[in-house]
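Inside the fold
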Amino acid sequence: MPKDFLQGARDHYDCVVIGSGLAGLTAANTLARSGQSVLLLEQHYKLGGMATWFKRPGGHIFDISLHGFPFGMVKSCRRYWTREIADSIVQLKNIRFDNPMFSLTTTFNRDDFTRLLVEQFAIPAATVRAFFDTARGMNFFDDQSTTVGQLFERFFPGRQDVIRLLMEPITYANGSTLEDPAISYGIVFSNFMSKGVFTFEGGTDRLIKLMHAELLRSGVDVRIKCDVEKILVREGRVTGVRVNGREISARSVVSNSNVKTTIFHLVGKEHFDRTFCQDAEAVRLNNSSCQVYMALKPGEELDEGLGDLLFSSTAPLFRTDLLLSRNVTSRTFSFYYPRTRPGSNRSLIVSSTNARYQDWADLSAEEYEASKQDLVETTLDALAKYVPDIRAKLDHAEASTPLTFRHYTKHMEGASFGTKFEGLAVSRAIPQQIGGLYHAGSVGIIMSGWLGAMNYGVIVANDVDSWLMKTGSPQTSPTATVL
Amino acid sequence: MTPAEIKEVILDILEDIAPDEDLSGLKEDVPLREQLELDSMDFLDIVMELRKRYRVQIPEDDYVELSTMQSTVKYLAPLMKDLQKA
Ligand SMILES: Cc1cc2nc3c(=O)[nH]c(=O)nc-3n(C[C@H](O)[C@H](O)[C@H](O)COP(=O)(O)OP(=O)(O)OC[C@H]3O[C@@H](n4cnc5c(N)ncnc54)[C@H](O)[C@@H]3O)c2cc1C
């Protein structure tokens, strides 16, 4: 008989959380801390979703989405997780750009961007200040018709180089383009580019291990290899889930699965009204990614002068559509020195590019393998500009594509960063359609990335907790449910 | 709870949320946001703590009432008057 991954699970919970991405994990932990009984179901054999890693023979550990996150993670980890997690967050101080327009190194904070824009790009200090203040002052309720492109044109007319400096990292961080609403840029930009770029010491594996331990301490029932087939709904209210062939009832469900998958596959459109379905249908998914993972031989070192993150490009101009092309001219390199995992003697490099699912989905098996190999080779060629003897130092290299991301996270089209802006309103409107059903996970650009996903998990947990209290049976004390 | 006790509750919560801030000189009628480094997640935390500790529900539309200490206490007074301070 196959192993029963639900062995010992109860028949009823206050809340079932589907998916253990950072939003799902954080929602589950927050709800359990508020005294709710929580079941967390993850289809993969690992927790973390996109916040993940993999191991290769020879002791190499590759991080997938640990290139950098904003300072705000410190506060969110301290508050919604533990002091130990928060205290492991360290700054990446050398962020580099190298493209035909400029080459520079920055600490990636407001002061340093101001210095660069004034000294190297000859922009008046007052303009820089006005731009930063405008970006920071933007909030969700502002006008949504102004685009990122228009915002730049207002402050830096005709300055392609300035746009590249201010936009390229954000495009990599969340796939946004010059056509997206300026407010999404403003919110992400002021989070990201005000206090520098940070990473997690010990790697993603350590973070997720610490989170797992904390979930158990909070009382969450954590289950892997539990693929939720259906969210159960009766008379406009959620009643539970069907998972691994078993029905489990719940007063609320939080889906951390892709928002469109949640609506159209896990629930089914017959449970939503027509206008809502049209809005949900119209939500555009964000792009996917390709990555190349390269490990140096044990003990081989990288010169720290390479920096931590390098935005490199050979494209003469910055165009967000070019960044998606399979004919890659722009890559972000993350250099991982042994200090990433203190005690290790490994140096690794991960190259990331944005990519379109369609470009990879229709290849034959041979074409697909050949394209992956080509991606590895061209990446090594590009890297040789910075690490001339890379091929001699190399121990292992392989590539991932949009299909890889789809396989592991079940995101439609392997979407790396959830949805475009309109996805947030649809995600927020789900509970008005079906009582007790919520979505938490990368949507709307601003709620994506490690910090965005985590904070969105908390925002949704607050809604769920409030719903549970409003609809709650007063006698369910924590002890009563244990018996 | 009396208004004075409610104020103490809020200060307790703020102390947890902003451990590095000095709360002794907080002005009653000036927005908290102008005196402390608080963002929208911090206000959400205040709401969550009040629900956790006292089962007080604050609907999203009412979050604006939490602007100053004075307005917060005034808003919470009728909701918390029958509760005992923990
Ligand atoms: C290549 C790449 C690089 C990135 N780099 C960075 C970076 O440097 N910094 C940063 O901040 N962000 C980065 N991101 C983005 C960041 O990783 C994501 O925004 C964030 O981790 C998403 O979290 P989430 O909670 O939305 O869900 P996800 O991580 O997408 O998790 C969803 C989970 O739900 C599970 N699931 C789905 N359906 C079911 C089902 N039916 N039953 C059970 N489980 C299910 C999936 O298996 C998955 O574990 C990167 C992303 C990618 C792809």
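Residues numbered from 1 in each chain as written. Chains lettered and ligands numbered in written order. Predicted model: local features only at pLDDT ≥ 70, side-chain atom pairs only at ≥ 80, totals over all residues. Heavy atoms only, no water.

Examining the overall build of chain B
If you tally the helices and strands in chain B, you get four helices and zero strands. Seen in sequence order, chain B has helices and strands lined up from the N terminus as α-α-α-α. Taken over the C-alpha trace, chain B has a radius of gyration of 12 Å; the compact-globule value for 86 residues is 12 Å, and the two agree within 12%. Dimensions of chain B along its principal axes, counting C-alpha atoms only, are 30 × 25 × 20 Å. (Helix = DSSP H or I, 4+ residues; strand = E, 2+ residues; numbered from the N terminus. Rg over C-alpha atoms; globule rule 2.2 N^0.38 Å.)

Details of helix H1 (residues 22-33) of chain A
Relative to the 16 Å expected for twelve residues at 1.5 Å per residue, H1(A) spans 16 Å between its end C-alpha atoms, a close match to the ideal helical length. Extensive coverage of H1(A) is indicated by the burial of eleven of its twelve residues. Among the residues of H1(A), those classed as buried are Leu22(A), Ala23(A), Gly24(A), Leu25(A), Thr26(A), Ala27(A), Ala28(A), Asn29(A), Thr30(A), Leu31(A) and Ala32(A). Contact partners of the buried residues in H1(A): strand E1 (12-18), strand E2 (38-41), helix H2 (72-80), helix H9 (203-218) and helix H17 (449-471) of chain A together with helix H3 (40-54) of chain B. (Expected span 1.5 Å × (residues − 1). Buried < 20%, exposed > 50% of the residue type's maximum accessible area, 1.4 Å probe, protein only. Contact = heavy atoms within 4.5 Å.)

Re the domain arrangement of chain A
Accessible area lost upon the coming together of the parts serves often as the stated size of an interface. Residues and elements named next belong to chain A. Each domain of chain A was delimited in the assignment, giving domain 1 (12-45 + 224-283 + 418-471), domain 2 (55-91 + 287-409) and domain 3 (109-195). A separation of 25 Å is found between the C-alpha centroids of domain 2 and domain 3. Taken residue by residue, the interface counts 20 residues in domain 2 and 16 residues in domain 3. In total, about 1500 Å² of surface goes out of reach between domain 2 and domain 3, with carbon and sulfur atoms giving 62% of it. At the boundary of domain 2 and domain 3, one finds zero salt bridges. For the pair domain 2 and domain 3, the interface holds six residue pairs in polar contact (both at pLDDT 80 or more). Residue assignment for the side of domain 2 that touches domain 3 shows that the elements contributing at least two residues are strand E14 (309-313), strand E15 (330-336) and strand E16 (348-355). Partitioning the side of domain 2 that touches domain 3 into residue classes produces nine nonpolar, ten polar and one charged. (Domains from an automatic or database assignment. Buried area = accessible area lost by both parts, 1.4 Å probe. Salt bridge = Lys/Arg side-chain N within 4 Å of Asp/Glu carboxyl O. Polar contact = N/O pair within 3.5 Å; in protein donor to acceptor, adjacent residues only side chain to side chain. Nonpolar A, V, L, I, M, F, W, Y, C, P; charged D, E, K, R; others polar.)

With respect to the pairing of strand E8 (residues 197-200) of chain A
Residue and element names in this part refer to chain A. On E8, burial covers both faces: Val-197 and Thr-199 on one face and Phe-198 and Phe-200 on the other are all buried. Across four bridges, the pairing between strand E5 (residues 89-92) and E8 is antiparallel. Counterpart to Ile-89 in the pairing with E8 is Phe-200. (Pairing = 2+ DSSP bridges.)

A word on the site of the ligand
All names here are of chain A. In the vicinity of the ligand lie 37 residues, with Glu-42, Gln-43, Met-50, His-411 and Ser-442 positioned nearest. Taking Ser-65, its main chain carries an N or O atom lying 3.2 Å from an oxygen atom of the ligand. Elements with a minimum of two residues in the shell around the ligand: H1, strand E13 (288-296), helix H15 (402-409) and H17. Both domains that meet at the shell around the ligand, namely domain 1 (12-45 + 224-283 + 418-471) and domain 2 (55-91 + 287-409), each give it at least three residues. (Near = heavy atom within 4 Å.)

Description of the nonpolar core
Within the largest apolar cluster, 137 residues are counted, with the highest numbers of intra-cluster contacts made by Val16(A), Leu166(A) and Tyr185(A). If one sorts the elements of this core by residue count, H17(A) sits on top with twelve residues. In this structure, Met1(B), Val47(B), Val56(B) and Ile58(B) belong to the second largest nonpolar core, which totals 25 residues. (Core = buried A, V, L, I, M, F, W, Y, C linked by side-chain atoms within 4.5 Å.)

Some details on the interface of chain B and chain A
With 17 residues of chain B at the contact, the number on the chain A side is 17 residues. On the chain B side of the interface with chain A, the three residues burying the most area are Met41(B), Arg51(B) and Gln57(B), jointly 38% of the side's total. Our enumeration of links across chain B and chain A arrives at seven salt bridges. For the salt bridge of Asp42(B) with Arg79(A), the shortest nitrogen-to-oxygen distance reads 2.8 Å. Our count for the chain B to chain A interface comes out at ten residue pairs in polar contact (both at pLDDT 80 or more). Among the elements that take part in the side of chain B that touches chain A, H3(B) stands out by supplying eight residues, more than any other. For the side of chain B that touches chain A, a count of residues per class yields eight nonpolar, one polar and eight charged.

Quick word on the side chain of Asp63(A)
All names here are of chain A. Note on placement: Asp-63 falls in strand E4 (residues 60-63). The class of Asp-63 is buried, set by a relative accessible area of 1%. A distance of 2.6 Å separates a polar atom in the side chain of Asp-63 from a polar atom in the side chain of Thr-204. A distance of 3.0 Å separates polar atoms of two side chains, one belonging to Asp-63 and the other to Arg-341. Each residue touching Asp-63, except ones within four places of it in the same chain, is listed here: Thr-52, Trp-53, Gly-203, Thr-204, Tyr-293, Tyr-336, Arg-341 and Val-350.

What about the pairing of strand E6 (residues 95-98) of chain A?
Residue and element names in this part refer to chain A. Residues Ile-95 and Phe-97 point to one face of E6 and Arg-96 and Asp-98 to the other, with burial holding for every one of them. Summarising the sheet, E6 and strand E7 (residues 103-106) pair through four bridges and their orientation is antiparallel. Among the inter-strand pairings, Phe-97 is bridged to a residue of E7, identified as Leu-104. Taking the residues that link successive antiparallel strands as the turn, the E6-E7 hairpin has four residues. Pairing analysis gives four bridges linking E6 to E14, with the strands arranged parallel. In the strand pairing of E14, Phe-97 is matched with Phe-311.

Regarding the environment of Ser88(A)
Residues and elements named next belong to chain A. Relative to the helices and strands, Ser-88 is located in the loop between helix H3 (83-87) and E5. Between the C-alpha atoms of Ser-88 and Gly-202, which are 114 residues apart in sequence, the distance is 7.7 Å. Within polar-contact distance, the side chain of Ser-88 engages the backbone oxygen of Glu-84 at 2.9 Å.

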